Amino acid sequence: EERWCLRLKESAVVDERARRRARRKKEEFEEEEGVRMLHKVKTLGGRTKSSKRSTSRSDASVGSASVLLVGSSVVHAQELTTVLKSLSNCKVATCEPASNVGKTLNSDSFDVVVFDADKDGDLAHTIRSAAGARKDAVFVVVYAEKAAALATERLKLSAPPTGANMVTFDPDDVFKAVKLICDRSQNGELSCPYCAASGFFEDDLWAHVPLFHINSRSDAKVACPVAGCESKTQLELAPPHRSRDNMHVHLRNEHGKPGAGEAPKEARAPTPVWPFALIVVRNRRGKFLLVQQFAARGYWLPGDRVNPAEDLKSAALRIVKEQAGIDIELTGVLRVSYTPQNDFARMRVIYVGRPTHDGEAQTLKTVPDYLSVGAVWVDVAELEGLKTHGDEPREWFPYVARGAYVAPLEIMTSESAPVMKL
């Protein structure tokens, strides 16, 4: 295992050097050619702002929002009205009874509409129909205790294309959503590709799309509105999962703070995982198996890297046979560990096993080779003063000898395996 870890670290160093050389070449090219990654545009006050990304929200002119509270239960929800009125750039209006919502929206426009589906039913379709051309730009909130707690109701009330944007019964969460709408700039050059709302800088659009349109179909064909974006053409969005061609995923990772390197992107490239299997083997006499390591490093558990296309259980059986010379059967799992590094991750599964009927009669390995010097049986008492390559024998041998809990083998299996039976 240590050899493989050393090789991985050496490989990571080489890869990092190559990346540094590539970055230097890129920087030299951009400097020589006068390439400017960020195109400057004029904004209010004569300042310049990047058409690629706004420098910060504080630089942009802060907007405002109008909120319509529909129905008596929402209008008289004191906690809700209190938090909304605390927003200085938020105008709050009311509509009673709820049946008048269509008429109210026909005569005036609102950015946010809040109603209680428990008391007044699902008004989302009526609200969007009355909003006309702005139907997708209105943020519709269901503020209802039962609806927020029931899984089927949440799905029904938020179903596209006319469903609510948010289902909640938390006044603080309504405050957070409305504040995002109030604070976004209204003098930017970008428009939303879903609802055509305009005036966004890139950071504002980056926050707006998931807030308003997270339930939009992921196979919709929309174009990225950011100038100079490589995905300016329409994205062909086929699968509904988080594909890199999904507009939500594209905007999340390539623009806003992640696009500027100020927040992490979702990992699109696979992380190399190096799996290792270690095995605690105990025979019928209660003794444990140790393998003598190379380079006079003492003893350790049978353990090694899992080969490509090899499952962990098969690897464990192979490792014991190669390093100790006997056949075993696995009886359980002691631990599954996952240790991430910069460029890879190490996964270790520690199994418990015992010699098979034939294995009990087999002679332990004594001929040295690349994999081990040989193997020996020891009891727990013999560990005192014995040179070991790691602490695992001293940790796990007494644990197993005490009869402590061992997880079933089924805890480590393939994705398609059936659920464990009780």
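Structure's up top.
What this report covers is the structure whose coordinates are included nearby.

About the cut-offs
Residues numbered from 1 in each chain as written. Predicted model: local features only at pLDDT ≥ 70, side-chain atom pairs only at ≥ 80, totals over all residues. Heavy atoms only, no water. Helix = DSSP H or I, 4+ residues; strand = E, 2+ residues; numbered from the N terminus. Areas by Shrake-Rupley, 256 points an atom, 1.4 Å probe, with all protein chains shown as cover. Pairing = 2+ DSSP bridges. Contact = heavy atoms within 4.5 Å. Axes fitted to C-alpha atoms, helices over the stretch in contact; angles between N-to-C directions. Buried < 20%, exposed > 50% of the residue type's maximum accessible area, 1.4 Å probe, protein only. Polar contact = N/O pair within 3.5 Å; in protein donor to acceptor, adjacent residues only side chain to side chain.

### Thoughts on the overall build of the protein
Right, on to step 1. When helices and strands are counted, the protein shows 15 helices and 16 strands.
Right, on to step 2. When the accessible surface of the protein is split by element, carbon and sulfur atoms take 52% of a total near 23700 Å².

### So, the sheet that holds strand E16 (residues 374-378)
Right, on to step 1. An order of E12-E11-E16 is seen for the three strands of this open sheet, with the pairing classed as antiparallel. Only two strands of the sheet have a single neighbouring strand rather than two, namely strand E12 (299-300) and E16.
Right, on to step 2. Where strand E11 (residues 288-292) meets E12, two bridges bridge the pair, whose relative direction is antiparallel. Residue Gln-292 lies in a different strand from E12, and its bridge partner there is Tyr-299.
Right, on to step 3. Sheet strands in contact with helix H13 (residues 312-324) are E11 and E16, and its direction is about 60° off that of E11.

### Some points on unusual backbone geometry
Right, on to step 1. Residue Pro-97 is bonded to the preceding Glu-96 through a cis peptide linkage, with omega at -10°.
Right, on to step 2. Turning to its location among the elements, Pro-97 is positioned in the loop between strand E4 (90-95) and helix H4 (101-107).
Right, on to step 3. Looking along the chain, the bond that leaves Pro-160 and enters Pro-161 is cis, with omega of 5°.
Right, on to step 4. Among the structural elements, Pro-161 can be located in the loop between helix H8 (151-157) and strand E7 (166-168).
Right, on to step 5. Positive phi, close to 60°, is recorded for Ala-295, a residue that is not glycine.
Right, on to step 6. Relative accessible area serves as the criterion here: at 58%, Ala-295 is assigned to the exposed category.
Right, on to step 7. A positive phi angle, near 65°, is found at Ala-309, a position not held by glycine.
Right, on to step 8. Within the secondary structure, Ala-309 sits in the loop between strand E13 (303-305) and H13.

### Some details on the sheet that holds E13
Right, on to step 1. Taking strand neighbours across the sheet as the criterion, the four strands line up as E13-E10-E15-E14 in an open arrangement whose pairing is mixed. With partners counted over all chains shown, the strands left at the sheet margins are E13 and strand E14 (328-340), one partner each. Averaged over all neighbouring strand pairs, the angle between strand axes comes to 20°, with direction disregarded.
Right, on to step 2. Relative to E13, strand E10 (residues 273-281) is paired through three bridges, and the arrangement is antiparallel. Across the sheet, the residue bridging to Ala-277 is Asp-304, located in E13.
Right, on to step 3. Relative to E10, H13 is tilted by about 60°, and along the sheet it contacts E10, E13, E14 and strand E15 (345-355).

### Section: the environment of Glu-392
Right, on to step 1. Mapped onto the secondary structure, Glu-392 falls in helix H15 (residues 392-401).
Right, on to step 2. Taking the C-alpha atoms as reference points, Glu-392 and Trp-300, 92 residues apart in sequence, are found 7.5 Å from one another.
Right, on to step 3. Among residues more than four places away in sequence, those in contact with Glu-392 are Leu-278, Trp-300, Leu-301, Arg-348 and Phe-397.

### What to know about the side chain of Thr-388
Right, on to step 1. Mapped onto the fold, Thr-388 is located in the loop between E16 and H15.
Right, on to step 2. Taking relative accessible area as the criterion, Thr-388 reaches 17% and is therefore assigned buried.
Right, on to step 3. Within the structure, Thr-388 has its side chain in polar contact with the backbone oxygen of Gly-390 (distance 3.0 Å).
Right, on to step 4. When near neighbours in sequence (up to four residues on either side) are disregarded, Thr-388 contacts Arg-297, Tyr-299 and Arg-394.

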